[in-house]
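Examining the three-dimensional arrangement
This is what each chain is made of:
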Amino acid sequence: MWASWLTFALGGLAILFGLMLLSFVLFSHFSPPSGLGWFVFLVLCLPGFALIMIPLIRRRATELAVTNKRVIVKFGLLTTHALEIRLSKIETVRVNQGLIGRLFNYGTIVITGTGATFDPIPKISSPFEFHTALNGAMEQLSPSATPTSTEPQGRAV
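Quick summary incoming for the structure in this document.

What counts, and where the lines are drawn
- Residues numbered from 1 in each chain as written.
- Predicted model: local features only at pLDDT ≥ 70, side-chain atom pairs only at ≥ 80, totals over all residues.
- Heavy atoms only, no water.
- Helix = DSSP H or I, 4+ residues; strand = E, 2+ residues; numbered from the N terminus.
- Buried < 20%, exposed > 50% of the residue type's maximum accessible area, 1.4 Å probe, protein only.
- Contact = heavy atoms within 4.5 Å.
- Areas by Shrake-Rupley, 256 points an atom, 1.4 Å probe, with all protein chains shown as cover.
- Expected span 1.5 Å × (residues − 1).
- 1 Å grid on protein atoms, 1.4 Å probe; cavity = no way out; pocket = protein on both sides within 12 Å on 5 of 7 lines; lining within 4 Å.
- Points joined across faces, edges and corners; volume = space filled by probe spheres on them.
- Nonpolar A, V, L, I, M, F, W, Y, C, P; charged D, E, K, R; others polar.
- Salt bridge = Lys/Arg side-chain N within 4 Å of Asp/Glu carboxyl O.
- Pairing = 2+ DSSP bridges.
- Axes fitted to C-alpha atoms, helices over the stretch in contact; angles between N-to-C directions.
- Core = buried A, V, L, I, M, F, W, Y, C linked by side-chain atoms within 4.5 Å.

In terms of regular secondary structure, the protein is built from four helices and six strands. In sequence order, the secondary structure elements of the protein are arranged as α-α-β-β-β-β-α-β-β-α. Within the protein, the fraction of its 157 residues that count as buried is 27%. Considering only contacts within the protein whose residues lie at least 6 apart along the sequence, 40% involve residues at least 24 apart. A total of about 11,000 Å² of accessible surface is found on the protein, and carbon and sulfur atoms cover 64% of it.

Every α-helix carries 3.6 residues per turn, so stepping three or four residues along brings you back to the same face. Its 15 residues place the ends of helix α4 (residues 127-141) 21 Å apart at the C-alpha level, agreeing with the 21 Å of an ideal helix rising 1.5 Å per residue. Buried residues along α4 sit in contact with β1 (62-66), β2 (70-75), β4 (90-96), β5 (106-113) and β6 (118-125).

Here the focus is the layout of surface pockets. The volume enclosed by the second largest pocket comes to roughly 150 Å³. A per-class count over the lining of the second largest pocket returns six nonpolar, three polar and one charged.

Now for the pattern of salt bridges. If you walk through the whole model with that rule in mind, you get one salt bridge. A salt bridge links Glu 84 to Arg 70, with the shortest nitrogen-to-oxygen separation between them at 3.1 Å. With Glu 84 in strand β3 (residues 81-86) and Arg 70 in strand β2, the pair connects residues that are 14 residues apart, well separated along the chain.

Glancing now at the sheet that holds β2. The three strands are arranged β1-β2-β3 in an open sheet whose pairing can be described as antiparallel. Edge positions in the open sheet fall to β1 and β3, since each of these has one partner strand only. Each adjacent strand pair in this sheet contributes to an overall mean axis angle of 5°, direction not counted. As defined by bridge partners, β1 adjoins β2 across five bridges and the pair is classed as antiparallel. Bridge pairing in β2 places Thr 62 opposite Phe 75.

Let's shift gears to the environment of Gly 98. In this fold, Gly 98 is placed in the loop between β4 and α3 (99-104). Taking relative accessible area as the criterion, Gly 98 reaches 43% and is therefore assigned partly exposed. Along the backbone, Gly 98 and Thr 108 are 10 residues apart, and their C-alpha atoms lie at a distance of 9.5 Å.

With that settled, consider the nonpolar core. Ranked by size, the top nonpolar core spans 16 residues in total, and within it Val 71, Ile 90, Ile 111 and Leu 134 carry the most contacts. Counting residues per element, the ones that place at least two in this core are β2, β3, β4, β5, β6 and α4. When residues in this core are grouped by element, the largest group, four residues, is from α4. Those residues in contact with Val 71 that sit more than four places away from it in its chain are Ala 65, Leu 83, Glu 84, Ile 85, Leu 87, Ile 90, Ile 111, Phe 130 and Leu 134.

These results come straight from atomic positions and should not be treated as a statement about function.
Below, the structure written as structure tokens:
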């Protein structure tokens, strides 16, 4: 969740840009006003550090698991959202991905359970891998759909 490389790249670019401006202001041949270099560095680099640290914290505070009986989702650091659904109670599993999500491989999984409840799992990386794992576990749980009738399956002439 929130672990697209784009987020880290934007933070890295902000930090790099701040370091370049700091070195230009501190080591240029003209004398800048005192403290301007550090001010520019802080204004540009603090958002860059935030762009890197926030997704890392969110990723560490997220747990996704598919067992042989249920799906377990927990996310949040200060406030926690937990979701456990038995595989036998799941009706459909959808993946919502916009254009940016397709480009950077993240999306939202929406699990629809019995009773018309739906539970979104927002902004996870590689959503189709999670979808495939969940469908595989659901197929192992349900009996195979082979015909048990001994009558011929074709139409009589």
